[in-house]
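Topology and contacts: notes
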Amino acid sequence: MGLNKALRSDSRSFDKKTYKETSIMDFQNLECCIVDDEPFIQRLIKSILSSLGVRNIRLARSGIDGFDLLEVKPADLIFIDWTMKPMSGLELIKKIRSSNCSDISGIPIIMLTAHSERKYIEQAVLAGANDYLIKPVSPNLLRKRIERIFKNRAPLNQRLGK
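Residues numbered from 1 in each chain as written. Predicted model: local features only at pLDDT ≥ 70, side-chain atom pairs only at ≥ 80, totals over all residues. Heavy atoms only, no water.

**Some details on the overall build of the chain**
The helix and strand tally for the chain stands at seven helices and seven strands. The buried share among the 162 residues of the chain stands at 49%. Expressed as a percentage of contacts within the chain between residues at least 6 apart in sequence, the contacts between residues at least 24 apart total 62%. Carbon together with sulfur atoms contributes 50% to the accessible area of the chain, which is approximately 8300 Å² in total. (Helix = DSSP H or I, 4+ residues; strand = E, 2+ residues; numbered from the N terminus. Buried < 20%, exposed > 50% of the residue type's maximum accessible area, 1.4 Å probe, protein only. Contact = heavy atoms within 4.5 Å. Areas by Shrake-Rupley, 256 points an atom, 1.4 Å probe, with all protein chains shown as cover.)

So, in structure tokens, the structure goes:
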């Protein structure tokens, strides 16, 4: 089914235990991949995405594993940690953007990192990140960044006609 219903012209409210927000998206069909070597951060981002209604969340503990996941099945959105070994998040972004497969090279990317200095943000954006979030990440800010990415973009599942 994909994200055919992901973008909505009207707002919908959802009320979770920790916060109440208005969203312009239906997140339930969003397919996300989280690439981070820290299990705590993976659980945190997964928990936030789940609270937004995302049901399909894949996890990878390294850049190499993350790219392998995308080759098996591209995602609608990928969250990438900066500091990983043996392949850094920046290297993973460059590999994704240089992929010969447009379903992989066009995936929106949100870089997650503790680096808040301007030079890091510029490097991530120049490498091809669509957005940049500094840890710790708030649920509200994460939701807004996802909505901004998809506001004028047809999600992958919709482009593939699924």
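Read on, since the account is not over.
**Here's the deal with helix α1 (residues 39-52)**
Counted at 1.5 Å a residue, the expected span for α1 with its 14 residues is 20 Å, and the 20 Å between its end C-alpha atoms agrees. Looking at α1, one finds that the buried residues are I41, Q42, I45, I48, L49, S51 and L52. Immediately beyond the C-terminal end of α1, within one or two residues, lies G53, with a positive phi of roughly 110 degrees. (Expected span 1.5 Å × (residues − 1).)

**Quick notes on the pattern of salt bridges**
Tallied over the full model, the rule gives seven salt bridges. Between E31 and K73 there is a salt bridge, with the nearest N and O atoms lying 3.2 Å from each other. On the criterion of sequence distance, the pair formed by E31 in strand β3 (residues 31-35) and K73 in the loop between α2 (63-72) and β5 (77-81) is long-range, its members being 42 residues apart. (Salt bridge = Lys/Arg side-chain N within 4 Å of Asp/Glu carboxyl O.)

**Concerning the pairing of strand β6 (residues 109-113)**
Counting buried positions over the five residues of β6 gives five, a clear majority of the element. The pairing of β5 with β6 spans four bridges and is parallel. Looking at the pairing, D81 lines up with L112 of β6. Two elements, β6 and strand β7 (residues 131-134), share four bridges in a ladder whose sense is parallel. Of the residues in β7, the one forming a bridge with L112 is L133. Handedness of the crossover is the feature at issue here: the chain leaves β6, passes through helix α5 (residues 118-127), returns alongside β7, and the resulting connection is right-handed. (Pairing = 2+ DSSP bridges. Right-handed = clockwise from strand over helix to strand, strands pointing away.)

**Structural notes on the environment of L90**
Within the secondary structure layout, L90 lies in helix α3 (residues 89-97). Under the relative-accessibility criterion, L90 is labelled buried at 14%. For L90 and Y120, which are 30 residues apart along the polypeptide, the C-alpha to C-alpha distance reads 9.7 Å. Not counting residues up to four positions away in its chain, the partners in contact with L90 are W82, M111, Q123, A124 and A127.

**A word on the packing of α3 against α5**
The geometry of a pair of packed helices is captured by two quantities: the angle between their axes and the separation between those axes. Between α3 and α5, the shortest axis-to-axis distance is 9 Å and the interhelical angle comes to 20 degrees. If you check the angle between α3 and α5, you find them roughly parallel. Taken together, the residues of α5 that come into contact with α3 (itself represented by L90, I93, K94 and R97) are Q123, A124 and A127. Along the lines of polarity and charge, the residues of the contact of α3 with α5 split into four nonpolar, one polar and two charged. (Axes fitted to C-alpha atoms, helices over the stretch in contact; angles between N-to-C directions. Parallel < 35°, antiparallel > 145°, perpendicular 65-115°, else oblique. Nonpolar A, V, L, I, M, F, W, Y, C, P; charged D, E, K, R; others polar.)

**Overview of the nonpolar core**
Membership of the largest hydrophobic core comes to 24 residues, with the highest contact counts inside it found for L70, I78, I80, I96 and M111. Leaving out residues up to four positions away in the same chain, I78 has contacts with C33, V35, L70, I96, I107, P108, I109 and I110. Within the second largest apolar cluster, 22 residues are counted, among which are C32, I41, F79 and L112. (Core = buried A, V, L, I, M, F, W, Y, C linked by side-chain atoms within 4.5 Å.)

**Some points on the packing of α2 against α3**
Running from N to C, α2 and α3 cross one another at 25 degrees; their axes reach a closest spacing of 9 Å. In terms of axis orientation, α2 runs roughly parallel to α3. Between α2 and α3 lies a crossing of right-handed hand. Of α3, the residues touching α2 (which contributes G63, F67 and L70) are L92, K95 and I96. Tallied by class, the residues present in the contact of α2 with α3 amount to four nonpolar, one polar and one charged. (Left-handed = near helix turned anticlockwise from the far one by under 90°.)

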